[in-house]
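# Topology and contacts: notes
The primary structure of each chain is shown beneath.
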Amino acid sequence: MARHKIGLVGAGQIGGNLALFAAQKELGDVVLFDIPAAEGLAKGKALDMQQMSTIEGFDSRIVGSSNYDDLKGCDVIIITAGIPRKPGMSREDLLETNLKIMTSVAENLKRVCPNAFMINIANPLDAMVYALKKITGGSRQKIVGMSGILDSARYKAFLSMELDISMKDITTLVLGGHGDDMVPISRLTTAGGVPVTSLIKPERIKEIEDRTRQGGAEIVKLLVNGSAYFAPAAAAIEMAESYLLDQRRVLPCAVWLEGEFGLKEVYFGVPCIIGKNGVEKVLEFELNADEKAGMAKSADSVKKTMAATRL
Ligand code: APR
């Protein structure tokens with residue numbers, strides 16, 4: 001059986017880490033793609049990682065390229081092509097520039113690998129994955145956004161720090177758009193099965209949720225010249241792995257909704273099963289009034305940014 005092939009569009013900070021994580025997990029062979037002006041970056045990182053593979057002992061071929069034809073036959077594509085935020089910028093401020101980039105990326109992907117499972121990471125995330133779906137004409141099963149895993153990871157990290165317990169024992173869910181209105185569901189968040197609402201005072205949970213919402217901005221401020229890259233890369237690889245290995249993991253992802261949670265025609269972070277067909281199912285559940293209001297507010301923000309794409 002041929003190895004899986006993973007195409008990474010964008011060989012920058014996240015792209016490089018995606019390549020490393022995919023190769024280290026031996027998910028398949030990796031093509032690290034970037035524009036001709038950054039071909040050396042893609043090829044240099046690929047060569048460095050190929051040499052690293054002999055030390056770490058992983059069997060993946062990693063190549064760099066600026067030729068879209070090299071993405072033919074890809075089973076999975078992960079997109080990070082676009083500019084990251086600078087301090088003080090919102091994700092929405094990236095729309096104009098990143099939409100142009102996404103338009104060109106999506107047109108090319110439609111030509112070379114229309115049936116790949118495509119995961120978008122570029123921001124503003126929900127609007128960019130909407131553009132990707134519109135332009136490629138792909139199905140909701142195959143065109144998804146990476147957001148909820150990252151947002152949940154941030155929430156989990158802050159909760160494990162607060163409670164001074166292993167992050168392995170925290171289960172949580174952060175839903176909604178990948179923006180300042182995301183909706184952490186503290187009601188369903190547990191530490192080893194114990195509700196965190198009985199371990200942490202409500203005011204403190206609110207502070208942790210606010211820090212989660214600003215989790216990306218906090219890192220942008222610290223890095224000054226870019227945005228987070230380790231956790232976003234790891235999150236997208238978790239989605240790719242579930243698809244390629246048909247793991248049927250339940251993961252919060254940005255999915256095109258068709259009535260679930262009372263929302264339709266919007267890309268929105270919801271829990272879903274990812275298996276060999278891509279998004280196999282959205283797992284719906286009853287929300288309380290506060291959660292519903294949070295979801296409605298977040299959906300409005302996402303719809304506004306989607307509309308600004310004029311697609
Ligand atoms: N096609 C392919 N790659 C492109 C294109 C294009 N049309 N235009 C730009 N790129 C490449 C750049 O050359 C660069 O190497 O995208 C890469 C982006 O890398 P970084 O600037 O390092 O950004 P990164 O931190 O990886 O973030 C990428 O993900 O989380 C989001 O907000 C973030 O939108 C940003 C994206």
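Residues numbered from 1 in each chain as written. Predicted model: local features only at pLDDT ≥ 70, side-chain atom pairs only at ≥ 80, totals over all residues. Heavy atoms only, no water.

## Side note on the nonpolar core
Counting 89 residues, the largest nonpolar core has Val-9, Leu-71, Ile-77, Ile-78, Leu-109 and Ile-119 as its most contacted members. The residues contacting Val-9, other than those within four sequence positions of it, are Phe-33, Tyr-68, Leu-71, Ile-77, Ile-78, Ile-79, Thr-80, Ala-81, Val-105 and Leu-109. In terms of nonpolar packing, the next biggest core, distinct from the first, is built from eleven residues, Phe-158, Leu-159, Met-182 and Ala-191 among them. (Core = buried A, V, L, I, M, F, W, Y, C linked by side-chain atoms within 4.5 Å. Buried < 20%, exposed > 50% of the residue type's maximum accessible area, 1.4 Å probe, protein only. Contact = heavy atoms within 4.5 Å.)

## Observations regarding the site of the ligand
Close contacts around the ligand come from 24 residues, with Gln-13, Ile-14, Asp-34, Thr-80 and Asn-123 the closest. One of the backbone nitrogen or oxygen atoms of Gln-13 is found 2.8 Å away from an oxygen atom of the ligand. In the environment of the ligand, an oxygen atom lies 3.5 Å from a nitrogen or oxygen atom belonging to the backbone of Gly-82. About the coverage of the ligand: the protein hides 85% of its 730 Å² of free accessible area. Structurally, the ligand is housed in the largest pocket. Along the lines of polarity and charge, the residues of the shell around the ligand split into 15 nonpolar, eight polar and one charged. (Near = heavy atom within 4 Å. Polar contact = N/O pair within 3.5 Å; in protein donor to acceptor, adjacent residues only side chain to side chain. Areas by Shrake-Rupley, 256 points an atom, 1.4 Å probe, with all protein chains shown as cover. 1 Å grid on protein atoms, 1.4 Å probe; cavity = no way out; pocket = protein on both sides within 12 Å on 5 of 7 lines; lining within 4 Å. Sits in = over half its atoms within 2 Å of the grid points. Nonpolar A, V, L, I, M, F, W, Y, C, P; charged D, E, K, R; others polar.)

## Regarding the pairing of strand β13 (residues 264-275)
With respect to burial, β13 is a largely interior element, ten of its twelve residues being buried. Pairing of strand β12 (residues 249-258) with β13 involves ten bridges; the strand directions are antiparallel. Paired with Glu-258 across the bridge in β13 is Lys-264. The antiparallel hairpin formed by β12 and β13 contains five residues in its connecting segment, where Gly-259 sits at a positive phi of about 115°. Note that β13 and strand β14 (residues 278-282) share four bridges and pair antiparallel. Looking at β14, one finds that Cys-272 is bridged to Val-282. (Helix = DSSP H or I, 4+ residues; strand = E, 2+ residues; numbered from the N terminus. Pairing = 2+ DSSP bridges.)

## Describing the packing of helix α5 (residues 148-163) against helix α6 (residues 202-213)
Contact geometry of α5 with α6 gives a least axis separation of 9 Å together with a crossing angle of 140°. Comparing their axes, α6 and α5 come out oblique. Relative to α6, α5 is oriented so that their crossing is right-handed. Here α5 contributes Asp-151, Arg-154, Tyr-155, Phe-158, Leu-159, Met-161 and Glu-162 to the contact with α6, which in turn contributes Arg-204, Ile-205, Ile-208, Glu-209, Arg-211 and Thr-212. Tallied by class, residues from the contact of α5 with α6 come to six nonpolar, one polar and six charged. (Axes fitted to C-alpha atoms, helices over the stretch in contact; angles between N-to-C directions. Parallel < 35°, antiparallel > 145°, perpendicular 65-115°, else oblique. Left-handed = near helix turned anticlockwise from the far one by under 90°.)

## Some details on the domain arrangement of the protein chain
Examined at the domain level, the protein chain breaks down into domain 1 (5-145) and domain 2 (148-307). One C-alpha centre belongs to domain 1, the other to domain 2; they are set 22 Å apart. Across the contact, 36 residues belong to domain 1 and 42 residues belong to domain 2. Summed over the three residues of domain 1 that lose the most area to domain 2, namely Arg-91, Asp-126 and Arg-140, the buried surface amounts to 21% of that side. Here domain 1 is connected to domain 2 by three salt bridges. (Domains from an automatic or database assignment. Buried area = accessible area lost by both parts, 1.4 Å probe. Salt bridge = Lys/Arg side-chain N within 4 Å of Asp/Glu carboxyl O.)

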